[in-house]
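Given next are the chains, with one letter for each unit.
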Amino acid sequence: MDITIYHNPQCGTSRNTLALIRNTGAEPQVIEYLANPPTREALAAMIAQTGLSVREAMRAKEVMFAELGLDDPSLSDDALLDAMMAHPILLNRPFVITPAGARLCRPSELVLDILPLPQRAAFSKEDGEAVINASGKRVN
């Protein structure tokens, strides 16, 4: 299965998203983007594929975002991409790419929209919130 997740193992949302992918029986390509960031071209393409703006793909809650003045609306996409390349922690997470599309999976359940295989078992997030029932169906 051709599924890629740009993953941060320290992030609960990223861990939940990875677990939802694996709950289909698929084993994705896991890219720990802090250690192995995408190229600038790959990053720009991934963001474009999701339909997000470069600014929307940034982690605005990251302390460095404010420290670098990235909340300045006059900054160009190129300047924002430069910042993400220099500081990968500024890339929001997790991004998932499948044959069905690409998503920034915040919340983690957004991955369900692009997974080509169904869920195989019940699944609850780390905080206990039920997402998938015992029949493999999404809990509303």
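Just above, that's the structure.
All values derive from a computational prediction rather than experimental measurement.

What counts, and at which threshold
- Residues numbered from 1 in each chain as written.
- Predicted model: local features only at pLDDT ≥ 70, side-chain atom pairs only at ≥ 80, totals over all residues.
- Heavy atoms only, no water.
- Helix = DSSP H or I, 4+ residues; strand = E, 2+ residues; numbered from the N terminus.
- Buried < 20%, exposed > 50% of the residue type's maximum accessible area, 1.4 Å probe, protein only.
- Contact = heavy atoms within 4.5 Å.
- Salt bridge = Lys/Arg side-chain N within 4 Å of Asp/Glu carboxyl O.
- Pairing = 2+ DSSP bridges.
- Axes fitted to C-alpha atoms, helices over the stretch in contact; angles between N-to-C directions.

A.B. asks: With reference to specific residues and values, describe the side chain of Asn92.
C.D. replies: For Asn92, the location among the structural elements is in the loop between helix H4 (77–86) and strand E3 (95–98). By relative accessible area, Asn92 is classed as buried at 11%. Contact partners of Asn92, with chain neighbours within four places excluded, come to Glu56, Ala57, Met58, Arg59, Leu104 and Arg106.

A.B. asks: I'd like a description of the pattern of salt bridges, backed by residues and values.
C.D. replies: Inspection of the entire model under this criterion finds 7 salt bridges. A salt bridge links Asp82 to Arg40; its shortest N-O distance comes to 2.4 Å. Of this pair, Asp82 sits in helix H4 while Arg40 is found in helix H2 (residues 40–50), placing the two residues 42 residues apart along the sequence. Since its relative accessible area comes to 24%, Arg40 is described here as partly exposed. Taking the shortest distance from any N to any O, the salt bridge between Glu109 and Lys125 comes out at 2.9 Å. Of the two residues, Glu109 is situated in the loop between strand E4 (101–104) and strand E5 (123–124) and Lys125 in the loop between E5 and strand E6 (130–132); the sequence distance between them amounts to 16 residues. Both residues of the pair, Glu109 and Lys125, count as buried. Look at the salt bridges and you will find they share partners, linking Arg40, Asp78 and Asp82 into a network.

A.B. asks: If you had to explain the pairing of E4 to someone new, which residues and values would you point to?
C.D. replies: In regular strands, side chains alternate between the two faces of the sheet. Judged from the 4 bridges that link them, E3 and E4 form a sheet pairing that is antiparallel. Each bridged residue has a counterpart across the sheet, and for Thr98 the counterpart in E4 is Gly101. Here E3 hands over to E4 after 2 residues, the two strands then running antiparallel side by side.

A.B. asks: Report on the sheet that holds E3, specifying residues and quantitative values.
C.D. replies: Strand order in the open sheet formed by 4 strands is E2-E1-E3-E4, and the pairing between neighbours is mixed. The strands lining the two open edges of the sheet, one partner per strand, are strand E2 (29–32) and E4. Neighbour-to-neighbour, the strand axes of the sheet open up by a mean angle of 15°, direction not taken into account. In this sheet, E3 lies alongside strand E1 (residues 4–7) in antiparallel orientation, the contact comprising 3 bridges. Of the residues in E3, the one forming a bridge with Ile5 is Val96.

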